[in-house]
Amino acid sequence: ARRLGVLTLQGAYAAHAQVLERLGAQVRPVRLPADFEGLDGLVIPGGESTTMLRLLERDEMFAALQNYARHKPCLGTCAGAILLAHQVSPAQASLDILDIDVQRNGYGRQLDSAIISGPTALPGGPLEMVFIRAPRFTRIGKDVEVLAERDGEAVLVRQGRHLAASFHPELGEDPRVHQAFLDGL
Ligand code: GLN
């Protein structure tokens, strides 16, 4: 079985682990640099990216995570996608793994949360997506493939073996985003 880690500093661990286990993966939490050892891939979950950045300052985790992501596949969801981005607005540190720029909370207050169905390149028809204070992908680099859209804007992207979603694929019943990540490992 594939060995997957889920970054567990803050945010949604359990729901990701459940989906991955249902798809046959072995899952373990990642809190310290030694936890990256032997993983085939890593999920960076949603939560609050500023809080995660603060926690990553401990135990040299920022450098360990960046080093891992430079060599191994990551699935970043919501705050996790913000961490993987090249540039973040309002400005904050990021891992600079994906050639995308993001705007935090980019869908505005009146749309804090929404469940939206959108077109996807993943097999099986439209994807139902749960957005919670979601970032907006404001620039997509030329080597980045768009796998799903909301109102004509990219919300799920792939670059190499990395995936990033501005929504929460671990909430809800559709395992296709996690499946696509596992298929790419
Ligand atoms: N708004 C959060 C941030 O800026 C992300 C929200 C989420 O992960 N659900 O980090």
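All values derive from a computational prediction rather than experimental measurement.

A. Spatial organisation of the overall build of the chain. Broken down by element type, the chain carries 5 helices and 12 strands. Whereas a compact globule of 185 residues would reach a radius of gyration of roughly 16 Å, the chain reaches 15 Å, a difference of no more than 12%. For the chain, the residues scored as buried account for 41% of the 185 residues in total.

B. Just the site of the ligand, in detail. Around the ligand, the neighbouring residues are Gly 46, Gly 47, Glu 48, Ser 49, Cys 78, Ala 79, Ile 82, Arg 104, Asn 105, Ile 132 and Arg 133. Residue composition of the shell around the ligand, by class: 4 nonpolar, 4 polar and 3 charged.

C. Spatial organisation of the UniProt feature "active site" (unreviewed entry) in the chain. Here, the residues flagged by UniProt with the feature "active site" (unreviewed entry) are Cys 78, His 168 and Glu 170. Across 93 residues in sequence, these annotated residues keep their C-alpha atoms within 10.9 Å of one another, forming a single compact spot. Within the secondary structure layout, Cys 78 lies in the loop between strand E4 (74-77) and helix H4 (79-84). Look past the residues within four positions of Cys 78 in its chain and what remains in contact with it is Gly 46, Ile 132, Ala 134, Pro 135, Ser 166, Phe 167 and His 168. For Glu 170, the location among the structural elements is in the loop between strand E12 (162-165) and helix H5 (176-183). Note on Glu 170: 26 C-beta atoms within 10 Å, which makes it buried.

D. The UniProt feature "binding site: L-glutamine" (unreviewed entry) in the chain, seen in detail. Sites flagged by UniProt as "binding site: L-glutamine" (unreviewed entry) map to Gly 47, Glu 48, Ser 49, Arg 104, Ile 132 and Arg 133. Across 87 residues, the annotated set stays spatially compact, with a maximum C-alpha separation of 12.9 Å. On the secondary structure map, Glu 48 appears in the loop between strand E3 (41-44) and helix H2 (49-56). Judged by C-beta crowding, with 15 C-beta atoms within 10 Å, Glu 48 ranks as partly exposed. Residue Arg 104 is classed as partly exposed on the basis of its 19 C-beta neighbours within 10 Å. Filtering out sequence-adjacent residues up to four positions away, Arg 104 remains in contact with Ser 49, Ile 82, Val 88, Ser 89, Pro 90 and Pro 135.

Conventions adopted
Residues numbered from 1 in each chain as written. Predicted model: local features only at pLDDT ≥ 70, side-chain atom pairs only at ≥ 80, totals over all residues. Helix = DSSP H or I, 4+ residues; strand = E, 2+ residues; numbered from the N terminus. Rg over C-alpha atoms; globule rule 2.2 N^0.38 Å. Buried ≥ 20, exposed ≤ 12 C-beta atoms within 10 Å, placed from the backbone. Near = placed C-beta within 6 Å. Nonpolar A, V, L, I, M, F, W, Y, C, P; charged D, E, K, R; others polar. UniProt positions renumbered as here; feature names shortened; annotations may be inferred. Contact = placed C-beta atoms within 7 Å.

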